[in-house]
Amino acid sequence: MYSLAAYFWVMVGGALGTGARFAVSGWATQLWGETFPWGTMIVNITGSFLISFFAGLAGPEGRWLVGPLGRQFFIVGICGGYTTFSSFSLNTLNLAREGQWLLAAANIVSSVVACLVAVWLGALLAQALSQPRVPS
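In this text the structure is predicted, and so the values were computed from the model without any measurement.

Caption draft 1: Expanded view of the packing of helix 1 (residues 4-32) against helix 2 (residues 38-58). Contact geometry for helix 1 and helix 2: axes closest at 8 Å, N-to-C directions at 135 degrees. Compared by their axis directions, helix 1 and helix 2 come out oblique. Like other packed secondary-structure pairs, helix 1 and helix 2 cross with a definite hand, here right-handed. Contacts from Arg21, Val24, Ser25, Trp27, Ala28 and Trp32 in helix 1 reach Trp38, Gly39, Thr40, Ile42 and Val43 in helix 2.

Structure below.
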């Protein structure tokens, strides 16, 4: 069970990450327009870099001594609010580093396929619920 302080700091980090995502996405849209999701791509790439950089420096064998609460604040809160793609990327990298290549590949394929199926099903359900009612 996590402490109330952990929940609080993860939520604060999440708010900061969400604000950063909104700002970066807006900046990219202003620069390059909306014809391609540049903002999402930049957020996912920078978030993946940041989570790995921080985890490497602040991990048990890293250069910085950061306690569990500080790691949760940044990794779960800030990076999680900024992009969950960063968590997916770090988890996949850790599996690959551990030599679990099959699990890393399964994580990639199952995540992408399952998320695409889920977004498709969500769109279908929303479309079905949005159909005008036919009077009986």
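Caption draft 2: Here's a closer look at the packing of aromatic side chains. Counted under the stated rule, the structure contains eleven aromatic pairs. Arranged with centres 5.7 Å apart and planes meeting at 10 degrees, the rings of Phe49 and Phe53 form a pair that is stacked. With Phe49 and Phe53 both in helix 2 and four residues apart, this pair spans about one turn of that helix. For Phe49, a relative accessible area of 53% translates into the label exposed. Phe53 sits in the partly exposed class, given a relative accessible area of 43%. Three or more aromatic residues joined by ring pairs make a cluster, and in this case those are Phe49, Phe53, Phe54, Trp64 and Phe74.

Caption draft 3: A look at the environment of Tyr2. With respect to the helices, strands and loops of the structure, Tyr2 is situated in the segment before helix 1. Classification of Tyr2 by relative accessible area gives exposed; the value is 55%. Along the primary structure Tyr2 and Phe54 are separated by 52 residues, whereas in three dimensions their C-alpha atoms are 21 Å apart. If we skip the residues at most four places from it in the chain, Tyr2 touches Tyr7 and Gln72.

Caption draft 4: Region of the structure containing the state of the cysteines. As enumerated under the stated definition, the model contains zero disulfides in all. Cysteine Cys79 shares no disulfide, and the gap to the nearest cysteine sulfur, in Cys115, comes to 18 Å. Taking relative accessible area as the criterion, Cys79 reaches 2% and is therefore assigned buried. Residue Cys115 is classed as exposed on the basis of its relative accessible area of 53%.

Caption draft 5: Main features of the packing of helix 1 against helix 3 (residues 68-82). Relative orientation of the contacting elements helix 1 and helix 3 amounts to 35 degrees, with a least axis distance of 6 Å. Where helix 1 crosses over helix 3, the handedness of that crossing is right-handed.

Caption draft 6: Representation of the side chain of Thr92. Within the element layout of this structure, Thr92 appears in helix 4 (residues 85-97). On the accessibility criterion, Thr92 (11% relative accessible area) is buried. A distance of 2.8 Å separates the side chain of Thr92 from the backbone oxygen of Phe88, its partner in a polar contact. Apart from the residues within four sequence positions on either side, Thr92 is in contact with Ala104, Asn107 and Ile108.

Caption draft 7: Focus on the environment of Trp9. Structurally, Trp9 is set in helix 1. For Trp9, a relative accessible area of 37% translates into the label partly exposed. For the pair Trp9 and Gly70, spaced 61 residues apart in sequence, the C-alpha to C-alpha distance is 8.4 Å. Discounting chain neighbours no more than four positions away, the residues touching Trp9 are Leu69 and Phe73.

Rules used in this analysis
Within each chain, residue numbers correspond to sequence positions counted from 1 in written order. This being a predicted model, a pLDDT of at least 70 is required before a residue's local features are given, and a value of 80 or more before pairs of side-chain atoms are given or counted; all residues contribute to the totals for chains, interfaces and linings. Just so you know, side-chain values use all the structure's heavy atoms and leave hydrogens and water out. Throughout, an axis means a line fitted to C-alpha atoms (over the contacting stretch in the case of helices), and angles, computed between N-to-C directions, take values from 0 to 180 degrees. The helix and strand labels rest on DSSP assignments: H or I over at least four residues marks a helix, E over at least two residues marks a strand, and numbering proceeds from the N terminus. Angle categories are assigned with fixed cut-offs, so that under 35 degrees is roughly parallel, over 145 is roughly antiparallel, 65 to 115 is roughly perpendicular, and the rest are oblique. Helix crossings are classified by the rotation of the near helix relative to the far one: an anticlockwise turn of less than a right angle makes the crossing left-handed, while a clockwise turn makes it right-handed. The criterion used for residue contact is that any of the two residues' heavy atoms lie within 4.5 Å. Only the six-membered ring of Trp is used, alongside the rings of Phe and Tyr, when aromatic pairs are assigned; centres must lie within 6.5 Å, and planes under 30 degrees apart are stacked while those over 60 apart are edge-to-face, with the rest tilted. Any residue under 20% of the maximum accessible area for its type is buried, any over 50% is exposed, and the rest in between are partly exposed; the area is computed with a 1.4 Å probe on protein chains only. Defined by distance alone, a disulfide is two cysteine sulfur atoms within 2.5 Å. Here a polar contact means two N or O atoms within 3.5 Å. Within protein one must be a hydrogen donor candidate and the other an acceptor candidate, and residues neighboring in sequence count only if both atoms are side-chain atoms.

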